[in-house]
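This is what each chain is made of:
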Amino acid sequence: MRTIFPAAIAALLLLSGAAQADHMMAKAPFAYATAASARAGGAYVSVMNHGPADRLIGARSDAAKRVEIHENVMTGGVMKMRKVDAIVLPEDGVIEMKPGGYHIMFMGLTQPFEAGATVPVTLIFESGAELVVETPVIERGESAPAGDSDHSGHGSHSD
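First, a word on what this report is: a plain description of the structure on this page. (Residues numbered from 1 in each chain as written. Predicted model: local features only at pLDDT ≥ 70, side-chain atom pairs only at ≥ 80, totals over all residues. Heavy atoms only, no water.)

### A few points about the overall build of the protein chain
- Counting secondary structure elements, the protein chain contains one helix and eleven strands.
- In the protein chain, which comprises 159 residues, the proportion classed as buried is 43%.
- Taking the intrachain contacts of the protein chain between residues at least 6 apart in sequence as the baseline, contacts between residues at least 24 apart amount to 69%.
- Counting only carbon and sulfur atoms, one obtains 56% of the accessible surface of the protein chain, whose full area is about 9100 Å². (Helix = DSSP H or I, 4+ residues; strand = E, 2+ residues; numbered from the N terminus. Buried < 20%, exposed > 50% of the residue type's maximum accessible area, 1.4 Å probe, protein only. Contact = heavy atoms within 4.5 Å. Areas by Shrake-Rupley, 256 points an atom, 1.4 Å probe, with all protein chains shown as cover.)

If you want it as structure tokens, here you go:
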């Protein structure tokens, strides 16, 4: 019987994970500052994909007890917010989160979002890829970052 060394297996897993997630990049992330008493907050980011199609299926952060992906939809003339199970990230395409559309919803904030701070959030994809995004907090009324700014690294693969 042939034995495969554990180090060789670990190296293969590491390489396959890096290849799977290196094709994703976060652009122009931002979150709005919240009031001291706020229990919820939101963040926005565009995710560029230079690889195969995938689906954004969730997010996590130590900044809140629960983090979900939401969208705003117009229903009967009223704007409503709802949780979505996934957002398709097309092959060589972009997911664009912006006010009035898709966003990351933080519920049960562990502390207020203060302007000038950053909020880390990890985006979770169906493929197992994860993208850590350092999200700058801005005051409402400030201009959102331009689409060419990059406040995050590339993705990584979760085991």
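Moving on from the coordinates now.
### A short note on the packing of aromatic side chains
- Tallied over the full model, the rule gives four aromatic pairs.
- Taking the centre distance of 6.0 Å and the plane angle of 70 degrees together, the rings of Tyr 32 and Tyr 44 count as edge-to-face. Here Tyr 44 lies in strand 2 (residues 40–49) and Tyr 32 lies in strand 1 (residues 24–32), a separation of twelve residues in the sequence. Note on accessibility: Tyr 32 and Tyr 44 belong to one class, buried.
- Three or more aromatic residues link up through ring pairs in this structure, and these residues are Phe 30, Tyr 32 and Tyr 44. (Phe/Tyr/Trp six-rings, centres within 6.5 Å; stacked < 30°, edge-to-face > 60°.)

### Some details on the environment of Thr 110
- Relative to the helices and strands, Thr 110 resides in the loop between strand 8 (102–109) and strand 9 (118–125).
- You can call Thr 110 exposed: its relative accessible area is 52%.
- In contact with Thr 110, not counting residues within four places along its chain, are Asp 62, Ala 63 and Ala 64.
- Only 3.2 Å separates the side chain of Thr 110 from the backbone oxygen of Asp 62, close enough to count as a polar contact. (Polar contact = N/O pair within 3.5 Å; in protein donor to acceptor, adjacent residues only side chain to side chain.)

### Description of the pattern of salt bridges
- Scanning the model with the defined rule gives four salt bridges in all.
- Ionic pairing is found between Arg 66 and Glu 68, a salt bridge with its closest N-O pair at 3.0 Å.
- Overall, the relative accessible area of 13% leaves Glu 68 in the buried class.
- A salt bridge links Arg 82 to Glu 71; its shortest N-O distance comes to 2.7 Å. Residue Arg 82 is located in strand 5 (residues 78–83), and its partner Glu 71 is located in strand 4 (residues 64–75); the two are separated by eleven residues in the primary sequence. (Salt bridge = Lys/Arg side-chain N within 4 Å of Asp/Glu carboxyl O.)

### A short note on the side chain of Glu 130
- Within the secondary structure, Glu 130 is located in strand 10 (residues 129–138).
- Polar side-chain contacts of Glu 130 include one of 2.7 Å to the side chain of Arg 60.

### Section: the pairing of strand 3 (residues 54–60)
- Note: strand 3 against strand 6 (residues 87–89), three bridges, orientation antiparallel. By the bridge assignment for strand 6, Arg 55 is matched with Val 88.
- One ladder, built from four bridges, connects strand 3 with strand 9; its direction is antiparallel. Across the sheet, residue Arg 60 finds its bridge partner in strand 9, namely Thr 122. (Pairing = 2+ DSSP bridges.)

### Some thoughts on unusual backbone geometry
- One non-glycine residue, Ala 28, lies in the positive phi region at around 55 degrees.
- Among the structural elements, Ala 28 can be located in strand 1.
- The exposure class assigned to Ala 28 is buried, which follows from its relative accessible area of 11%.
- For Asp 92, which is not glycine, the phi torsion reads 50 degrees and is therefore positive.
- Along the chain, Asp 92 falls in the loop between strand 6 and strand 7 (94–96).
- The exposure class assigned to Asp 92 is exposed, which follows from its relative accessible area of 55%.

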